[in-house]
Amino acid sequence: MRLVKHLNDFQHIKRQGTGYFIVLDHNSNKVHSVRCNWMKEESFIQKVITNKETNGSYYWVQYWNSTQPTFDEIPCRKCMC
Ligand SMILES: [Zn+2]
């Protein structure tokens with residue numbers, strides 16, 4: 001598991017196209033395929049860079065196991081169903 005803190009890292013992961021983002025938020029934590037259309041640069045910039053992770057963070061994982069969620073994350077309804 002890796003904390004994603006820089007835009008170029010986020011972009012690199014999206015280009016590479018494998019694994020999952022776990023997005024932490026004050027409401028609920030979600031897991032997305034890195035290819036999800038909802039994984040937008042603007043959202044990453046706002047949450048991680050502009051707001052300095054005060055409302056949450058992005059983690060990247062190579063594999064995701066629904067029976068062992070690390071942060072009680074919920075699968076995205078758009079990309080994980
Ligand atoms: Zn998604």
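Residues numbered from 1 in each chain as written. Predicted model: local features only at pLDDT ≥ 70, side-chain atom pairs only at ≥ 80, totals over all residues.

Things to note about the overall build of the protein chain
We count it as follows: Here a strand is any run of E in DSSP of at least two residues, a helix any run of H or I of at least four, and the numbering for each starts at the N terminus. Radius of gyration here uses only the C-alpha atoms, and the compact-globule reference equals 2.2 Å multiplied by the residue count raised to the power 0.38. To sort residues by burial, count the other C-beta atoms lying within 10 Å of each one's C-beta; a count of 20 or more means buried, 12 or fewer means exposed, and anything in between means partly exposed. C-beta atoms are built from the backbone. Whether two residues are in contact depends on their C-beta atoms, placed from the backbone: they are in contact if these lie within 7 Å.
Across its full length, the protein chain carries 2 helices and 5 strands. What you see in the protein chain, going N to C, is helices and strands ordered as β-α-β-β-α-β-β. Taken against the 2.2 N^0.38 rule, which gives 12 Å for 81 residues, the C-alpha radius of gyration of the protein chain at 12 Å falls within 12% of a compact globule. For the protein chain, the spread of C-alpha atoms along the principal axes amounts to about 35 × 30 × 20 Å. For the protein chain, the residues scored as buried account for 16% of the 81 residues in total. Counted over contacts in the protein chain with a minimum sequence separation of 6, partners at least 24 positions apart contribute 68%.

Observations regarding the nonpolar core
Worth spelling out the cut-off: Joined through C-beta atoms within 7 Å, a set of buried Ala, Val, Leu, Ile, Met, Phe, Trp, Tyr and Cys residues constitutes a nonpolar core.
Counting residues in hydrophobic clusters, the biggest one holds 10 residues: Phe10, Tyr20, Phe21, Ile22, Val23, Val31, Met39, Phe44, Val48 and Tyr58. Only strand S2 (20–23) and helix H2 (41–50) provide two or more residues apiece to this core. It is S2 that provides the largest number of residues to this core, a total of 4 residues.

Concerning unusual backbone geometry
One can expect most non-glycine residues to show negative phi and most peptide bonds to be in trans. You will see that Lys52, though not glycine, has its phi angle at about 50 degrees, which is positive. With respect to the helices and strands, Lys52 occurs in the loop between H2 and strand S4 (58–61). Even without a glycine there, the phi angle at Glu53 is positive, about 65 degrees. Within the secondary structure, Glu53 is located in the loop between H2 and S4. The exposure class assigned to Glu53 is partly exposed, which follows from the 13 C-beta atoms found within 10 Å.

Quick word on the pairing of S2
Our working definition: By the convention used here, strands pair only if DSSP detects at least 2 bridges between them.
Side chains Tyr20 and Ile22 project from S2 onto one buried face, and the interleaved Phe21 and Val23 project onto a second face that is buried too. Note: S2 against strand S3 (residues 30–33), 4 bridges, orientation antiparallel. Bridging from a neighbouring strand, Ile22 pairs with Val31 of S3. A loop of 6 residues connects S2 with S3, the two strands running antiparallel in sequence. Note: S2 against S4, 4 bridges, orientation antiparallel. Bridging across to S4, Tyr20 finds its partner in Val61.

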